[in-house]
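Residue-level structure breakdown
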Amino acid sequence: MPGLLRGIARAAVVAGTATAVSNRVSRWQAGRWAAQDEQQAQVQPDQPPAAPAAGMDNWIAPLKESGALRDQGVLGDAEFARAEAMGLLSP
């Protein structure tokens, strides 16, 4: 019987040690990932913010050109409506 108790005690110590090591590694990794996320989230002060107006220029220019062509009579109302329906132009 003493050999059986010794084996159970040894298994308990090994399991407890493995759990403690696993928990410590998990906490270390979580802290490391949090530090990486925080570092990536910081805005670099040397970099200017991106200008959202550049995207608007790309959208407004074709609309203005199509409107001008329709006003000049080059582009008919049917073609303008068809392009608008296909999503090429916004109302």
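Here, the structure is the one placed above.
Residues numbered from 1 in each chain as written. Predicted model: local features only at pLDDT ≥ 70, side-chain atom pairs only at ≥ 80, totals over all residues. Heavy atoms only, no water.

**Brief notes about the overall build of the chain**
A tally of helices and strands in the chain yields three helices and zero strands. Of the regular secondary structure in the chain, the N- to C-terminal order runs α-α-α. Going through the 91 residues of the chain one by one, you find that 5% of them count as buried. (Helix = DSSP H or I, 4+ residues; strand = E, 2+ residues; numbered from the N terminus. Buried < 20%, exposed > 50% of the residue type's maximum accessible area, 1.4 Å probe, protein only.)

**Things to note about a nonpolar patch on the surface**
Taken together, the side chains of Leu4, Leu5 and Ile8 make up a nonpolar region of the molecular surface, amounting to roughly 320 Å² of accessible area. If you trace the backbone, Ile8 turns up in helix α1 (residues 2-41). (Patch = residues over 30% accessible without salt bridge, like charges linked within 9 Å, V, L, I, M, F, W, Y side chains within 5 Å. Areas by Shrake-Rupley, 256 points an atom, 1.4 Å probe, with all protein chains shown as cover. Salt bridge = Lys/Arg side-chain N within 4 Å of Asp/Glu carboxyl O.)

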